[in-house]
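Single-letter residue listing:
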Amino acid sequence: MPDMMVAQTATPASHPADNARQLAADFDLRHLPASFYDDPYPTFHALRANNPVLPLGPGSYLLTRHADLMTVYKDAKLFSSDKKAEFLPKFGNGLLYQHHTTSLIFNDPPLHTRVRRIIAGALNPRAVADLEGPMITMVDGLLDRMAARGEADIIADLAASVPIEVIGNLLAIPHERRGPLRDWSLAILGALEPQPTAAMLESGEIAVRDFLDYLRVLVAERRASPGSPDSDVLTRLIQGETDGEQLSEIELLQNCIFILNAGHETTTNLIGNGLFNLLEWPQEKARLLANPALITSAIEEFLRFDSPVQLGNRITTAPTRLGDVDMPAGTFVTLAIAAANRDPAAFTDPDRLDLARPHNRHVAFASGVHVCVGLTIARMEGRVAILRFLQRFPNYHLSGAPVRGNRARFRGFLALPVHLG
């Protein structure tokens, strides 16, 4: 009888729709629970279903629908990438502010056009193709060292090493001087979190200062002894365009930092997330092993399924309307890239990893004039590193608990320990 009474008076289980509404109602980008960093996608599904143009505060909204992000990306004039108004109160008028308001990604034309043209000229198809052979040799060397130990940390031993070496080669940075680059990158990009702590801001400021000192020496050396502007990005940035247009010293230094940071973080996360997701989806792992030609579409699916960069930002320059929300000029818009890449209106069965997914129009590299300038290199790095690791160690498995970076803007791991056999 007591058991029957309990059964009769027990509270009914929550309906999934009620849970989703509660997730959406409780969402605060500046105060995220640990569960969000573990798996943000239920929250993004809830937001997209219940409040796809979500107020984040006065004059600020979060967008989660693929179509809305494409609207923003297609109109760079209406949705500006200039971050001066947003970053000055966040960073103060220091070196961190100078960096994030001078680099390519957070600027509009004409600076964006000028810098992008110079960088893109050096990242031409021939230069990228020339990188692949040395990269295969470098990756195989990393895998040899892992094999000798029988275990590895996928992040420290592979995912973080690959982009530092590739970008170091692009900028012709001596191998013995690449040691501090990753720590500087993590500190500078960490300050972009929605709610950075005072310690994070201080670390970012120090990292920019030290990075600038480091680059001044490197630039002085390159001015004295230039490399080939066809393959050496730093030489090309120094010399500028053939019509004589050049970057100022600050533009040059800060965009060197941007190239190193952007290429490092996104590729590290792509490789780490991709190899982790293959463990979570063993049937797809077996599928790729059986058909290595799938690696090209697999990279696009890794980018969509677990986007290395999860959030972006814009500011409106004129009144506009998104969804059923009117936005005046000066409205801050946060783009939930990860949510758009799991939007069922754009992707069939979006929560399924499908390495052969057709028509994969993800926005992991953004779109429009601000589409990632280094996407060809990132794809090549991911393709080589993931496939060669998988073929060398097809039975790899976790040997300990993965350690996530616990950041909202960048999704990846700090450590991913595995046994290799």
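It should be noted that the structure appears before, not after, this text.
Definitions and cut-offs
Residues numbered from 1 in each chain as written. Predicted model: local features only at pLDDT ≥ 70, side-chain atom pairs only at ≥ 80, totals over all residues. Heavy atoms only, no water. Buried < 20%, exposed > 50% of the residue type's maximum accessible area, 1.4 Å probe, protein only. Helix = DSSP H or I, 4+ residues; strand = E, 2+ residues; numbered from the N terminus. Pairing = 2+ DSSP bridges. Contact = heavy atoms within 4.5 Å. Axes fitted to C-alpha atoms, helices over the stretch in contact; angles between N-to-C directions. Parallel < 35°, antiparallel > 145°, perpendicular 65-115°, else oblique. Nonpolar A, V, L, I, M, F, W, Y, C, P; charged D, E, K, R; others polar. Salt bridge = Lys/Arg side-chain N within 4 Å of Asp/Glu carboxyl O.

Looking now at the pairing of strand 2 (residues 60–63). Residues of strand 2 alternate between two faces, with Ser60 and Leu62 on one and Tyr61 and Leu63 on the opposite face, all of them buried. Direction of pairing for strand 1 (residues 53–57) relative to strand 2: antiparallel, over a ladder of four bridges. Each bridged residue has a counterpart across the sheet, and for Val53 the counterpart in strand 2 is Leu63. As paired strands, strand 2 and strand 8 (residues 332–336) are joined by four bridges and run parallel to one another. Bridge pairing in strand 8 links Ser60 to Phe332.

What follows is about the sheet that holds strand 3 (residues 79–80). With respect to topology, five strands assemble into an open sheet ordered 1-2-8-5-3, the strand pairing being mixed. Only two strands of the sheet have a single partner each, and these edge strands are strand 1 and strand 3.

Let us look at helix 17 (residues 295–305). The buried fraction of helix 17 amounts to nine of the eleven residues, a majority that puts the element mostly inside the structure. Every buried residue of helix 17 is listed here: Ile295, Ala298, Ile299, Glu300, Glu301, Phe302, Leu303, Arg304 and Phe305. Looking at the buried residues of helix 17, the elements they touch are helix 4 (41–50), helix 15 (249–280), helix 16 (282–290) and helix 19 (375–392).

On the basis of which strands lie adjacent, the open sheet formed by three strands has the order 4-12-9 and antiparallel pairing. Two strands in the sheet have a free side with no partner beyond their single neighbour: strand 4 (151–153) and strand 9 (397–398).

What follows concerns unusual backbone geometry. In this structure, Pro110 follows Pro109 across a cis peptide bond, with omega equal to 10°. Tracing the sequence through the fold places Pro110 in the loop between helix 7 (95–100) and helix 8 (111–122). Here His359, not a glycine, exhibits a phi torsion of approximately 50°, which is positive. Looking at the element boundaries, His359 is found in the loop between helix 18 (337–340) and helix 19. The exposure class assigned to His359 is exposed, which follows from its relative accessible area of 71%.

Where helix 16 meets helix 19, the closest approach of the two axes is 10 Å, and the angle between their N-to-C directions is 95°. Classified by the angle their axes make, helix 16 and helix 19 are roughly perpendicular. Contacts between helix 16 and helix 19 involve Lys285, Leu288 and Leu289 on the former and, on the latter, Leu387, Leu390 and Gln391. Each residue belonging to the contact of helix 16 with helix 19 can be placed in one class, and the counts come to four nonpolar, one polar and one charged.

Bringing the pattern of salt bridges into the picture now. Counted according to the given criterion, the structure contains 26 salt bridges. Asp213 is the partner of Arg216 in a salt bridge, and the nearest nitrogen-oxygen pair spans 3.0 Å. Separated by three residues within a single helix, Arg216 and Asp213 lie in helix 13 (residues 198–224), roughly one turn from each other. When its relative accessible area of 39% is taken as the criterion, Arg216 is described as partly exposed. Judged by relative accessible area, Asp213 falls into the partly exposed class, the value being 42%.

From the geometry alone we can't say anything about function, so treat these as descriptive.
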